Amino acid sequence: MAQQQPPAELLEFQRAVLISFDHTAEPSVRSAASASLERLKQSEDGWSFCLQAFGACTDDQARFWCLQTVLHMVASPERYAAVPEPQRQSLRGYLVAWLQSKGGSQTEEQGFIKNKFAQLVVAVIRHDYPRPWLEIFPQLLGALQVRPSRVGWWGVGLGHVW
């Protein structure tokens, strides 16, 4: 059975990320790729595209860029406050779901992906705890099944919440 190809938009995005980091790429091509990514990063719904792309991309550089873009939006109080609560709730749900599936220390995720993801979780907690995300700590501990081996990589970041 043939494997389904990712959407063209996702392939184009991954290509732009790879080109933007490729110091051997032609400068004009690299500059165009970087400008395209910057427009996506600054767009109103770019973070939403990046959250979806994070789950669909196979390249770790592209996945890291996605997390960085979502973190950029969350870290901007004005931008994050402008996101409607249903979308913020979806973001929180995605974070918990990802932790349930990939959050353990035994996962094959790269350390830099885990670290950026932990930074994103902490940034969301800073804005949304205690309201509207009062249940964050029980959710996180439940997602990680409270085993010390699972707490290590993301638990360090929680010290930066306050």
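Predicted, not measured: the structure shown is a model, and the values here were computed from it. (Residues numbered from 1 in each chain as written. Predicted model: local features only at pLDDT ≥ 70, side-chain atom pairs only at ≥ 80, totals over all residues. Heavy atoms only, no water.)

A. Seen up close, the overall build of the protein. When helices and strands are tallied, the protein shows nine helices and zero strands. Starting at the N terminus, the α and β elements of the protein follow one another as α-α-α-α-α-α-α-α-α. Taken over 162 residues, the protein has a buried fraction of 41%. A fraction of 64% describes how many contacts in the protein between residues 6 or more apart in sequence connect residues 24 or more apart. (Helix = DSSP H or I, 4+ residues; strand = E, 2+ residues; numbered from the N terminus. Buried < 20%, exposed > 50% of the residue type's maximum accessible area, 1.4 Å probe, protein only. Contact = heavy atoms within 4.5 Å.)

B. Just the packing of helix α1 (residues 8-21) against helix α3 (residues 46-56), in detail. Where α1 contacts α3, the axes come no closer than 11 Å and their chain directions differ by 90°. The angle between α1 and α3 places the two elements in the roughly perpendicular class. Seen from α1, the contacting residues are E9, L10 and F13; seen from α3, they are F49, A53 and A56. The residue makeup of the contact of α1 with α3, split by class, is five nonpolar, no polar and one charged. (Axes fitted to C-alpha atoms, helices over the stretch in contact; angles between N-to-C directions. Parallel < 35°, antiparallel > 145°, perpendicular 65-115°, else oblique. Nonpolar A, V, L, I, M, F, W, Y, C, P; charged D, E, K, R; others polar.)

C. Inspection of the layout of surface pockets at higher detail. Reported here for the largest pocket is a volume of approximately 280 Å³. Around the largest pocket, the lining is made up of 13 residues, and of these E12, F13, A16, S36 and L37 lie nearest the centre. Those elements giving two or more residues to the lining of the largest pocket turn out to be α1 and α2 (27-42). Partitioned by chemical class, the residues of the lining of the largest pocket number nine nonpolar, one polar and three charged. (1 Å grid on protein atoms, 1.4 Å probe; cavity = no way out; pocket = protein on both sides within 12 Å on 5 of 7 lines; lining within 4 Å. Points joined across faces, edges and corners; volume = space filled by probe spheres on them.)

D. Local environment of the pattern of salt bridges. What the rule picks out here adds up to seven salt bridges. Across the pair R88 and D128 runs a salt bridge whose closest N-O atoms are separated by 2.4 Å. Here R88, found in helix α6 (residues 85-102), pairs with D128, found in helix α7 (residues 111-128); they are 40 residues apart in sequence, far enough to count as distant. When the shortest N-O distance is used, the salt bridge between K102 and E109 registers 3.7 Å. (Salt bridge = Lys/Arg side-chain N within 4 Å of Asp/Glu carboxyl O.)

E. A look at unusual backbone geometry. At the junction of Y129 and P130, the peptide bond is cis and its omega measures out at 5° in the coordinates. Following the sequence through the fold, P130 ends up in the loop between α7 and α8 (136-143). Between R131 and P132 the backbone carries a cis peptide bond, its omega angle lying at 10°. One can find P132 in the loop between α7 and α8.

F. Representation of the state of the cysteines. Under the counting rule described, the total for this entry stands at zero disulfides. Of the cysteine sulfurs around C50, a residue in no disulfide, the closest is that of C66, at 4.4 Å. Here C57 is not cross-linked by a disulfide; its sulfur's nearest cysteine counterpart is in C66, at 4.7 Å. (Disulfide = S-S within 2.5 Å.)

G. Just the packing of aromatic side chains, in detail. Across all of its chains, the model carries seven aromatic pairs by this definition. Between F54 and F117, the ring centres sit 6.4 Å apart and the planes meet at 25°, which makes this aromatic pair stacked. With F54 in helix α3 and F117 in helix α7, the pair connects residues that are 63 residues apart, well separated along the chain. A relative accessible area of 1% means that F117 is categorised as buried. (Phe/Tyr/Trp six-rings, centres within 6.5 Å; stacked < 30°, edge-to-face > 60°.)

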